[in-house]
4 protein chains.
Amino acid sequence: MSDTDHLHTNETQRIEAFSDGVFAIAITLLIIEIGVPRVTESESLSDALGDLWPSYGAYVLSFVMIGIYWANHHSVFRLFIRIDHFFLMLNVFFLMCIAFLPFPTAVLGEYLKGAEHRDAAVGFYAFGLLLPALGWLSFWLYANARGLVDERLAPEYVRFLTVQFLLSLIPYVLAIAMSFLNAWAAVGICVGFTLLYLLPPRRPRYSP
Amino acid sequence: MSDTDHLHTNETQRIEAFSDGVFAIAITLLIIEIGVPRVTESESLSDALGDLWPSYGAYVLSFVMIGIYWANHHSVFRLFIRIDHFFLMLNVFFLMCIAFLPFPTAVLGEYLKGAEHRDAAVGFYAFGLLLPALGWLSFWLYANARGLVDERLAPEYVRFLTVQFLLSLIPYVLAIAMSFLNAWAAVGICVGFTLLYLLPPRRPRYSP
Amino acid sequence: MSDTDHLHTNETQRIEAFSDGVFAIAITLLIIEIGVPRVTESESLSDALGDLWPSYGAYVLSFVMIGIYWANHHSVFRLFIRIDHFFLMLNVFFLMCIAFLPFPTAVLGEYLKGAEHRDAAVGFYAFGLLLPALGWLSFWLYANARGLVDERLAPEYVRFLTVQFLLSLIPYVLAIAMSFLNAWAAVGICVGFTLLYLLPPRRPRYSP
Amino acid sequence: MSDTDHLHTNETQRIEAFSDGVFAIAITLLIIEIGVPRVTESESLSDALGDLWPSYGAYVLSFVMIGIYWANHHSVFRLFIRIDHFFLMLNVFFLMCIAFLPFPTAVLGEYLKGAEHRDAAVGFYAFGLLLPALGWLSFWLYANARGLVDERLAPEYVRFLTVQFLLSLIPYVLAIAMSFLNAWAAVGICVGFTLLYLLPPRRPRYSP
């Protein structure tokens, strides 16, 4: 375990600062994917702007998701007391999934309205939400397996988090499956699950 | 109130750093929305660059607005001594409104010149300015209702801010309404109100 | 002078962090303006990539310029010991000029090659370099007029900087004028002046 | 050596923060280069999204490369105890190479699939990977020549790094050469070398 460092404060701060940078940029880039509408002769600009509602909806949903991941990333990093090279790489992999999100968001905004491609757009978006959940789970499981997590935490609290992160994959898998049957129901799952995430997280509990 | 934390310095710093990241990115992305002009046969590049004046104007106006919000965000955060999960979420909502601004800015730049769509473009832009004002007001009111604000502040100073934030909605609502009647007057309201914001803010007053 | 604060360290850090954010984003956005070339039937991708040399050149020049401004911004901020609201606003104005630079850079990359629009493209680019030089000068003059600069600095060092910042406008004004006569000579001025900036700056001198 | 400063902690932090900003932005901008596919009549959205696999692959490869550079940049900066103006400029040059990477990544994503332009696209991408390796080597050699590196480091460790950084150019030069013969083999070199980089770096060794 020679490549495991105790987590020095300025070390954590730099990892968190970099992660926060990626969160902040990914969240702000979401708007770039909404192009200024070209108005046709028979249309008004108001109508054209209104027609972009799927893009606005996708923007709000992805913005909230990334915002929640940002808040949670910070909470969970306070539980780590050591760090190693592969953990760093798994964090990069997680950030890769976060940074990918503007693309499925743009696809959803573009193709949600037309009936023809709605299923594929929603399924791809749900897959885009599944990716960071997988990335998150993988660095959590790795940190547990390698003993990077604070030992003073109550074991049942650590178990609770593991179960929670595992369960959090289900709605996205479900939404992907559902997108083949009923795209709007799949959208409903994604939105509902995001609303659930807006609730305050359970606080860390330490062994007595 | 078990989910209310005292605001630790490094906690605030991370929220402010993330918010500053979104401010900095949103403000810098504004330029991306101005595309390099394609020059037609009969036109000179100078004319084509000059014809982009509505885009330059919209760029300057939105840049100053986000810059002012950045400065004010910092000032108002010094008044908070506690924080909770929903406050964090309301801050994310506020940032969502800031990050949205490049889109109405691009719409204004594109459609301000032609008479046909000017009204809708200006109205949409004023709406884009109303959104962060609403987001700002909502996290201020929430912070007051939940006792997150420093109790040592003079009550009349807190009241002054509440009234100021409420009143700040009026010009944008007015500009939206005015955009149906006279788009240039609506632009004037937005510009004038921004100039007003350039004045130094009132300093915090504490109870004796 | 009730709105003048002594420059607290964490205050400076936040202004510098925000400014650094804008520098970092503007500098990194430069590459976004170079689009992937669409290869026509009769052309090879190598040729198409080679044909983008004006874009590469403009990218390098603007990258170095923003990098130099970043380094200098940091040096000059160490000379300020107080701050006020208008100084903050002038810093925002300066950042607006920096954030604008990707646009003239893209224009230069697009129109440098064709003889027809070269003059206008070069002139506009030189104007794009003049803007941050003007923004820089304005916040320096304001800081001097309002006594925000460290009084312990040797007066001749402060004067040296004022003269240097004033003189730095000349090459850009010259390049704008020259662009009407000989665009390549104007490019030469911009490049030469940037190389000059690569030299180490003079160190602060304090009164004995 | 009057322009050589001892590396104050907040000085390093600002250089690292700026570098981290460029890393974070360049890494997050990669996704912007993948455009939402326009679906033609005879095609499904799923097929169109699947057809983008070269873009996904290029995204993952470049993301991991920039992530590794970020981690390594941090490690190597801990070895410097002094800094000077040209070192700062060489760091800017290195960041210029990092910030350039989204462009060859986009070219690779666009042209990897078609046989006609694959060679040029892969060669250009390998060149895009060579550039930051060259930038890295140049600031390392400069730092050694000017005595900016911590003298307490074991000389054989410093030599080991120099050799490692020199050798790291070879695979990219090889990949560029190989791209003329067999583009897929060149891709294989780039991918294989990146996987190698995922291994933990050797830890600094100090003189006894």
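Residues numbered from 1 in each chain as written. Chains lettered and ligands numbered in written order. Predicted model: local features only at pLDDT ≥ 70, side-chain atom pairs only at ≥ 80, totals over all residues. Heavy atoms only, no water.

What follows concerns the relation of the copies chain C and chain B. What relates the two chain copies is a rotation about an axis together with a slide along it. Overlaying chain C with chain B gives an RMSD of 0.0 Å, the required rotation being 90 degrees about an axis along which the chain moves by 0.0 Å. Such a combination of rotation and displacement between the chain copies is what one expects of a four-fold axis. With a heterologous cut-off of 20% or less, the 9% of interface residues of chain C that recur at the interface of chain B puts this contact in the heterologous class. (Least-squares fit on C-alpha atoms with pLDDT ≥ 70 in both. Contact = heavy atoms within 4.5 Å.)

As a further point, take the interface of chain A and chain D. Facing 33 residues of chain A, the contacting portion of chain D comprises 40 residues. Both sides of the chain A and chain D interface together cover about 3,200 Å² of buried area, and 72% of this is carbon and sulfur. Taken as a group, Arg14(A), Phe18(A) and Phe103(A) account for 24% of the area that chain A buries against chain D, more than any other trio of residues on that side. The interface formed by chain A and chain D contains one salt bridge. The interface formed by chain A and chain D contains six residue pairs in polar contact (both at pLDDT 80 or more). (Buried area = accessible area lost by both parts, 1.4 Å probe. Salt bridge = Lys/Arg side-chain N within 4 Å of Asp/Glu carboxyl O. Polar contact = N/O pair within 3.5 Å; in protein donor to acceptor, adjacent residues only side chain to side chain.)

Enumeration according to the criterion identifies 20 salt bridges over all chains in this entry. Residue Glu151(A) is joined to Arg82(A) by a salt bridge in which the shortest nitrogen-to-oxygen separation is 2.6 Å. On the criterion of sequence distance, the pair formed by Glu151(A) in the loop between α6 (118-145) and α7 (155-167) and Arg82(A) in strand β2 (residues 82-84) is long-range, its members being 69 residues apart. Among the residues examined, Glu151(A) registers a relative accessible area of 51% and is labelled exposed. Across the pair Lys113(C) and Asp51(C) runs a salt bridge, and its minimum N-O distance is 3.7 Å. Of the two residues, Lys113(C) is situated in the loop between α5 (102-111) and α6 (118-145) and Asp51(C) in the loop between α2 (45-50) and α3 (53-77); the sequence distance between them amounts to 62 residues. Given the relative accessible area of 36%, Lys113(C) is considered partly exposed. (Helix = DSSP H or I, 4+ residues; strand = E, 2+ residues; numbered from the N terminus. Buried < 20%, exposed > 50% of the residue type's maximum accessible area, 1.4 Å probe, protein only.)

As a further point, take the arrangement of the chains. Chain A makes no contact with chain C; the smallest distance between any of their C-alpha atoms is 9 Å. There is a clear gap between chain B and chain D: no contact, and 9 Å between their nearest C-alpha atoms.

Once that is clear, we can look at the relation of the copies chain A and chain D. Expressed as a screw transformation, the operator carrying chain A onto chain D has a rotation angle of 90 degrees and an axial translation of 0.0 Å, and the superposed copies differ by an RMSD of 0.0 Å. Comparing contact sets, just 9% of the residues at the interface of chain A also lie at the interface in chain D, consistent with a heterologous contact between different surfaces.

With that out of the way, let us pick up the packing of aromatic side chains. Aromatic rings in a pair are described by how distant their centres are and how their planes are angled relative to each other. Evaluation of the coordinates by the stated rule reveals 104 aromatic pairs over all chains. Aromatic side chains Phe23(C) and Phe94(C) sit 6.2 Å apart centroid to centroid with 65 degrees between the ring planes, which places their arrangement in the edge-to-face category. Linking Phe23(C) in helix α1 (residues 9-29) with Phe94(C) in helix α4 (residues 85-100), this pair joins segments that are 71 residues apart in sequence. For the pair Phe23(C) and Phe94(C), a shared accessibility class is recorded, and that class is buried. A network of ring pairs unites the aromatic residues Phe23(A), Tyr69(A), Phe77(A), Phe80(A), Phe87(A), Phe94(A), Trp136(A), Phe139(A), Trp140(A) and Phe165(A) as a single cluster. (Phe/Tyr/Trp six-rings, centres within 6.5 Å; stacked < 30°, edge-to-face > 60°.)

On to the environment of Ala183(D). Checked against the element boundaries, Ala183(D) lands in helix α9 (residues 183-197). For Ala183(D) and Arg118(D), which are 65 residues apart along the polypeptide, the C-alpha to C-alpha distance reads 6.6 Å.

A common way to express how large an interface is: the accessible area buried when the components associate. If you look at the interface, chain C gives 33 residues, while chain B gives 40 residues. Contact between chain C and chain B buries roughly 3,200 Å² in total, counting both sides, with carbon and sulfur atoms accounting for 72%. The largest share of the area that chain C buries against chain B comes from Arg14(C), Phe18(C) and Phe103(C), three residues that together contribute 24% of it. Residues Arg38(B) and Glu110(C) are paired through a salt bridge, measuring 3.0 Å at the closest nitrogen-oxygen approach. In this structure, the connection of chain C to chain B is made through six residue pairs in polar contact (both at pLDDT 80 or more). Of all the elements in the fold, those that place two or more residues in the side of chain C that touches chain B are α1, α4, α5 and α6 of chain C. Residues belonging to the side of chain C that touches chain B are distributed by class as follows: 23 nonpolar, four polar and six charged. (Nonpolar A, V, L, I, M, F, W, Y, C, P; charged D, E, K, R; others polar.)

It is worth spelling out the side chain of Thr162(D) at this point. Residues and elements named next belong to chain D. Along the chain, Thr162 turns up in helix α7 (residues 155-167). Looking at Thr162, the relative accessible area reads 18%, which means it is buried. Among residues more than four places away in sequence, those in contact with Thr162 are Trp140, Leu141 and Asn144.

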